[in-house]
Amino acid sequence: LKHVKLLIVYRCLGLAAGLVSEQLQCQFTVSGSTSNAGNKPKPVFDIALSAEVAAPLLDLSKRAIDFVYTHERGKSPQIMVEPLEVRNISRLPATFTLKATTPFSIEPAALSLQPEESAALTVTFEPDFQHDLVSQTVKQRCLISYPDNPQKDYLDLTGMINFPN
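Rules used throughout
- Residues numbered from 1 in each chain as written.
- Predicted model: local features only at pLDDT ≥ 70, side-chain atom pairs only at ≥ 80, totals over all residues.
- Heavy atoms only, no water.
- Pairing = 2+ DSSP bridges.
- Helix = DSSP H or I, 4+ residues; strand = E, 2+ residues; numbered from the N terminus.
- Axes fitted to C-alpha atoms, helices over the stretch in contact; angles between N-to-C directions.
- Buried < 20%, exposed > 50% of the residue type's maximum accessible area, 1.4 Å probe, protein only.
- Polar contact = N/O pair within 3.5 Å; in protein donor to acceptor, adjacent residues only side chain to side chain.
- Phe/Tyr/Trp six-rings, centres within 6.5 Å; stacked < 30°, edge-to-face > 60°.
- Lys NZ or Arg CZ within 6 Å of the ring centre and 35° of its normal.

Turning our eyes to something else, we now look at the sheet that holds strand β7 (residues 104-107). Strand order in the open sheet formed by 4 strands is β3-β5-β9-β7, and the pairing between neighbours is antiparallel. On the outer flanks of this sheet lie β3 (58-60) and β7, each paired with one strand and no other. Going across the sheet, the axis of each strand differs from the next one's by a mean of 25 degrees, ignoring polarity. Judged from the 8 bridges that link them, strand β5 (residues 80-88) and strand β9 (residues 118-125) form a sheet pairing that is antiparallel.

Structure (structure tokens):
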């Protein structure tokens, strides 16, 4: 009787937090058998798998950031900066990316945090992104995504640009 080593890697993606369980059965089939019974898979062993799926949980110091720029004659528009603190409040490490588009940006754009670890981010707003003198309000949702989880989070960004007449 030969001993066979078997390595099984099982990876799953939980759509919601909570307990997930699965039953697996390893089967074998005898090839080259002339009888019908030899081609029928036979169970070798059963495996019961269970895991506690934890959703990534980030605590942002602000869920929305509002920038207000009022133009002053003779002064060039300056980039506006707002700090943001992010903390991983889940039981597992969290790796995530943050995506903002012009006229907003966020640095760093990718992070990995251990449970209870915090990091400082910088959110910027470029009020002169169109190089015109038009008053407007720009709204955007900064996407926070996790490469190993389908969950998406958002940071609401607003930039109000005022050019007085």
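Anyway, onward from the coordinates.
All right, on to the environment of Gln151 then. Looking at the element boundaries, Gln151 is found in strand β11 (residues 149-162). A relative accessible area of 22% places Gln151 in the partly exposed class. Along the primary structure Gln151 and Pro56 are separated by 95 residues, whereas in three dimensions their C-alpha atoms are 7.7 Å apart. Within the structure, Gln151 has its side chain in polar contact with the side chain of Asp153 (distance 3.1 Å).

Only one face of strand β8 (residues 110-113) is buried: it carries Leu111 and Leu113, and the other face, with Ala110 and Ser112, is open. Pairing analysis gives 4 bridges linking strand β6 (residues 94-99) to β8, with the strands arranged antiparallel. Note that in β8 the partner of Ala94 across the bridge is Leu113.

In this section: the sheet that holds β8. One open sheet accounts for 5 strands, arranged β4-β11-β10-β6-β8; its pairing is mixed. Taken across any chain shown, the strands that pair with only one partner, and hence form the sheet edges, are β4 (64-70) and β8. Strand-to-strand, the axes of this sheet are offset by a mean angle of 20 degrees, without reference to chain direction. Relative to β11, β4 runs parallel, the two sharing 7 bridges. Pairing of Ile65 across the sheet is with Leu157, part of β11.

What follows is about the packing of aromatic side chains. Enumeration over the complete set of coordinates arrives at 5 aromatic pairs. Between Phe67 and Phe125 the ring centres are 5.4 Å apart and the planes differ by 20 degrees, which places this aromatic pair in the stacked class. With Phe67 in strand β4 and Phe125 in strand β9, the pair connects residues that are 58 residues apart, well separated along the chain. Judged on exposure class, the residue Phe67 and its partner Phe125 are both buried. Ring plane angle 70 degrees and centroid distance 6.4 Å describe the contact between Tyr69 and Phe163, whose orientation is recorded as edge-to-face. Of this pair, Tyr69 sits in strand β4 while Phe163 sits in the segment after β11, and the two are 94 residues apart along the sequence. A relative accessible area of 10% places Tyr69 in the buried class. Members of the aromatic cluster, connected to one another through ring pairs, are Phe67, Phe104 and Phe125. When the ring centre of Tyr154 is taken as reference, the NZ or CZ atom of Arg141 above it lies at 4.1 Å.

The values reported here are purely geometric and, on their own, carry no functional implication.
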